[in-house]
Amino acid sequence: MDTFSKSDPVVVLFVQGAGSSEWKEFGRTEVIDNTLNPDFVRKFVLDYYFEEKQNLRFDVYNVDSKSCSIYKQQDFLGQAFVALGEVIGSQRGRLERALTGVPGKRCGTILLLAEELSNCRDIVTMQLCANKLDKKDFFGKSDPFLVFYRSNEDGTFTICHKTEVVKNTLNPVWQPFTIPVRALCNGDYDRTVKIDVYDWDRDGSHDFIGEFATSYRELSRAQSQFTVYEVLNPRKKCKKKKYVNSGTVTLLSFSVESEFTFVDYIRGGTQLNFTVAIDFTASNGMPSQPTSLHYASPYQLSAYALALKAVGEIIQDYDSDKLFPAYGFGAKLPPDGKISHQFPLNNNEDNPSCAGIEGVLESYLQSLRTVQLYGPTNFAPVINQVAGTAAQVTDGSQYHVLLIITDGVISDMLQTKEAIVTASALPMSIIIVGVGPAEFDAMEELDGDEVRVSSRGRYAERDIVQFVPFRDYVDDSGNQVLSMARLAKDVLAEIPEQLLSYMKTRDIKPRRADPQ
């Protein structure tokens with residue numbers, strides 16, 4: 001610390017690779033002289049992955065101008081550890097963390113702000129028609145189509161869209177089409193957009209009819225008025241004195257829509273509500289035996305606990321109250337041995353929520369000691385339970401993720417399909433993790449990547465199920481942290497798209513975050 005003045009602080013950001021304990025320096029802020037309340041300008045640009053635990057460490061140092069190194073112990077002012085998901089999932093993307101690391105001393109706080117880089121996410125839908133185009137075919141009229149090009153910085157042009165061909169007409173009306181604004185003009189609204197008009201020929205030697213130029217800004221004016229462009233053929237113009245044009249193209253409609261991202265909804269206050277359902281059927285084996293899938297040694301978590309931690313530790317960053325309903329299924333409950341397919345792990349029917357992922361793990365281990373593993377393996381009751389909760393709030397402020405961890409073949413496939421089809425219209429996703437050596441072919445049927453799940457003639461509105469067998473992610477060297485990172489990366493990768501698909505089908509836009 002400076003003896004006669006305030007500090008000259010700098011913040012150094014370190015990142016940790018997935019499944020690794022090693023920290024690597026990512027970057028540094030500028031140094032701000034002589035202050036205890038620095039407001040840093042330099043930003044760190046990080047790639048964000050919802051499905052990964054992206055651990056960050058912020059170290060604050062006082063820079064000694066006489067020394068090039070800042071890693072001297074006496075210059076260390078404190079540090080903060082945080083996951084990127086915590087910052088994004090916090091209110092308005094602002095997270096305040098106490099600095100620690102200097103024994104017996106209050107080190108102050110660090111305020112972290114996260115914002116998504118806007119890369120022109122607008123999408124344009126437009127429709128054009130043409131009138132009195134030049135006749136190019138000897139035995140008929142023309143078969144016209146349009147080719148759009150965006151101009152590049154070096155004056156060259158890159159093709160960015162082709163319309164369909166409208167056969168045998170000089171007055172074509174093309175279908176409306178959609179194109180991202182960045183593809184059309186790279187976000188520069190005044191950049192030239194060149195449009196060529198061609199007559200289609202079967203052999204690929206399409207005849208050039210003419211061209212015209214415009215810009216995104218000019219096209220966007222068509223929202224309030226028709227815009228007519230003259231199609232000109234430069235060669236004809238040079239040859240013929242009386243040449244006027246080769247026809248006209250009219251912009252009939254032009255509309256712009258923003259393409260919202262997962263982060264837009266999270267910043268707007270959408271909460272991810274996480275629910276767990278764990279398989280307590282007898283096929284798992286006696287929990288006290290090392291061969292059981294529920295067996296936890298003093299040195300190693302069970303496969304169930306690993307899957308729960310892998311998924312839960314990432315999702316919890318997006319849930320402000322950190323209270324997670326947790327259920328078991330397929331067990332006989334004390335005192336009368338009644339079979340249940342959705343019993344609360346914390347033994348509280350009125351409030352099945354556990355405090356944090358550690359609370360869920362604690363309740364899970366407690367249940368293993370009190371219930372009798374039995375059967376069958378029924379998913380439908382717990383899916384319907386979560387669907388009932390999801391149906392209560394459908395305005396986009398809540399989205400539910402149900403994690404089912406199971407060891408085996410499902411017993412109520414028809415009822416489960418029916419439950420999934422119903423749930424697909426609600427703000428929820430289902431993750432199924434299969435543990436153990438069983439064949440999980442039936443589970444693949446529930447994961448609608450190839451064929452949409454159906455029940456009694458009804459098809460699921462959206463693909464909301466992701467199934468993975470845990471054994472595919474186990475690290476050969478026994479590194480549990482790496483196994484968990486691999487599992488989470490795969491099972492959570494589809495959640496952002498599934499959330500967006502729900503919002504889009506319901507035309508729910510993100511709430512605006514309060515001004516900061």
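Description of the structure in this document. Only a predicted model underlies this, so the values are computations on that prediction, with no experimental measurement involved.

Things to note about the overall build of the chain
In step 1: Across its full length, the chain carries twelve helices and 26 strands.
In step 2: Against the compact-globule benchmark of 24 Å for 516 residues, the chain has a radius of gyration of 30 Å, which places it well outside the compact range.
In step 3: Each of the three principal axes of the chain carries a C-alpha extent, and together these read 95 × 80 × 40 Å.
In step 4: Within the chain, the fraction of its 516 residues that count as buried is 50%.
In step 5: Partitioning the intrachain contacts of the chain with sequence separation of at least 6 by distance along the chain shows that 68% fall at a separation of at least 24.
In step 6: Accessible surface, the chain: about 26,400 Å² in total, of which carbon and sulfur atoms supply 49%.
In step 7: Counting 54 positive and 68 negative side-chain charges, the chain places the centres of these two groups 8 Å from one another.

Some words on the state of the cysteines
In step 1: Inspection of every chain in the model, using the stated rule, returns zero disulfides.
In step 2: Free cysteine: cysteine 129, not disulfide-bonded; nearest cysteine sulfur from cysteine 160 at 20 Å.
In step 3: Accessibility expressed as a relative area gives 14% for cysteine 129, which makes it buried.

Considerations on the nonpolar core
In step 1: Ranked by size, the top nonpolar core spans 73 residues in total, and within it Phe280, Val433 and Leu492 carry the most contacts.
In step 2: Here the element with the most residues in this core is helix α6 (residues 303-315); it accounts for ten residues.
In step 3: Counting 30 residues, the second largest nonpolar core, distinct from the first, contains Val382, Ala390, Ile464 and Val465.

Looking at the environment of aspartate 472
In step 1: Position of aspartate 472 relative to the elements: it lies in the loop between β26 (465-469) and α11 (480-492).
In step 2: We classify aspartate 472 as exposed; its relative accessible area is 55%.
In step 3: It is 17 Å that separates the C-alpha atoms of aspartate 472 and leucine 301, two residues lying 171 residues apart in sequence.

Some remarks on unusual backbone geometry
In step 1: With an omega dihedral of 0°, the bond running from proline 334 to proline 335 counts as a cis peptide bond.
In step 2: Residue placement: proline 335 occurs in the loop between β17 (331-333) and β18 (338-340).
In step 3: That bond from glycine 375 to proline 376 is cis: its omega, -5°, falls within 30 degrees of zero.
In step 4: Inspection of the secondary structure puts proline 376 in the loop between β21 (372-373) and α8 (380-390).
In step 5: A positive phi angle is found at lysine 322, which is not glycine, with a value near 55°.
In step 6: Assignment of secondary structure puts lysine 322 in the loop between α6 and β16 (323-329).
In step 7: Since its relative accessible area comes to 30%, lysine 322 is described here as partly exposed.

Brief notes about the packing of α6 against helix α7 (residues 356-370)
In step 1: Between α6 and α7, whose axes approach to 10 Å, the crossing angle comes to 160°. Comparing their axes, α7 and α6 come out roughly antiparallel. Once α6 is placed against α7, the crossing between them reads as right-handed. When α6 is examined against α7, the residues Tyr304, Ala305, Leu308, Lys309, Gly312 and Glu313 are found in contact with a partner set consisting of Ile357, Glu358, Val360, Leu361 and Tyr364.
In step 2: Its residues assigned to classes, the contact of α6 with α7 shows seven nonpolar, one polar and three charged.

A word on the environment of glutamine 316
In step 1: Residue placement: glutamine 316 occurs in the loop between α6 and β16.
In step 2: When the C-alpha atoms of glutamine 316 and glycine 89 are compared, they prove to be 9.1 Å apart, with 227 residues separating the residues in sequence.
In step 3: Those residues in contact with glutamine 316 that sit more than four places away from it in its chain are Lys322, Phe324 and Ile357.

Quick word on the packing of α8 against helix α9 (residues 413-423)
In step 1: The interhelical angle for the contact between α8 and α9, taken along N-to-C directions, is 15°, at an axis separation of 9 Å. On the basis of their axis angle, the class for α8 and α9 is roughly parallel. For the element pair α8 and α9, the recorded crossing hand is left-handed. Between α8 and α9, the residues in contact are Ala380, Ile383, Asn384 and Ala387 and Gln415, Thr416, Ala419, Ile420 and Ala423, respectively.
In step 2: Residues of the contact of α8 with α9, tallied by class, amount to six nonpolar, three polar and no charged.

Quick notes on the sheet that holds strand β11 (residues 192-199)
In step 1: Within the open sheet, the four strands sit side by side as β9-β8-β11-β12. Their pairing is antiparallel. A strand with exactly one partner marks an edge of an open sheet, and here the two such strands are β9 (157-162) and β12 (207-215). Shown here is a sheet whose adjacent strand axes are inclined to one another by a mean of 30°, direction ignored.

Side note on α11
In step 1: An ideal rise of 1.5 Å per residue puts 18 Å on 13 residues; α11 measures up with 18 Å between its terminal C-alpha atoms.
In step 2: Listed in full, the buried residues belonging to α11 are Gln480, Ser483, Met484, Leu487, Ala488, Val491 and Leu492. On an axial view of α11, the arc spanned by its buried residues comes to 130°, and they lie on one face.
In step 3: The elements touched by buried residues of α11 are α6, β23 (428-434), β26 and α12 (495-505).
In step 4: Measuring from the side-chain oxygen of the N-cap residue of α11 to the backbone nitrogen of valine 481 gives 3.0 Å; that N-cap residue is asparagine 479.

Calculation notes
- Residues numbered from 1 in each chain as written.
- Predicted model: local features only at pLDDT ≥ 70, side-chain atom pairs only at ≥ 80, totals over all residues.
- Heavy atoms only, no water.
- Helix = DSSP H or I, 4+ residues; strand = E, 2+ residues; numbered from the N terminus.
- Rg over C-alpha atoms; globule rule 2.2 N^0.38 Å.
- Buried < 20%, exposed > 50% of the residue type's maximum accessible area, 1.4 Å probe, protein only.
- Contact = heavy atoms within 4.5 Å.
- Areas by Shrake-Rupley, 256 points an atom, 1.4 Å probe, with all protein chains shown as cover.
- Lys, Arg positive; Asp, Glu negative; His and termini not counted.
- Charge placed at Lys NZ, Arg CZ, Asp CG, Glu CD.
- Disulfide = S-S within 2.5 Å.
- Core = buried A, V, L, I, M, F, W, Y, C linked by side-chain atoms within 4.5 Å.
- Axes fitted to C-alpha atoms, helices over the stretch in contact; angles between N-to-C directions.
- Parallel < 35°, antiparallel > 145°, perpendicular 65-115°, else oblique.
- Left-handed = near helix turned anticlockwise from the far one by under 90°.
- Nonpolar A, V, L, I, M, F, W, Y, C, P; charged D, E, K, R; others polar.
- Pairing = 2+ DSSP bridges.
- Expected span 1.5 Å × (residues − 1).
- Arc of directions from axis to C-beta.
- Polar contact = N/O pair within 3.5 Å; in protein donor to acceptor, adjacent residues only side chain to side chain.

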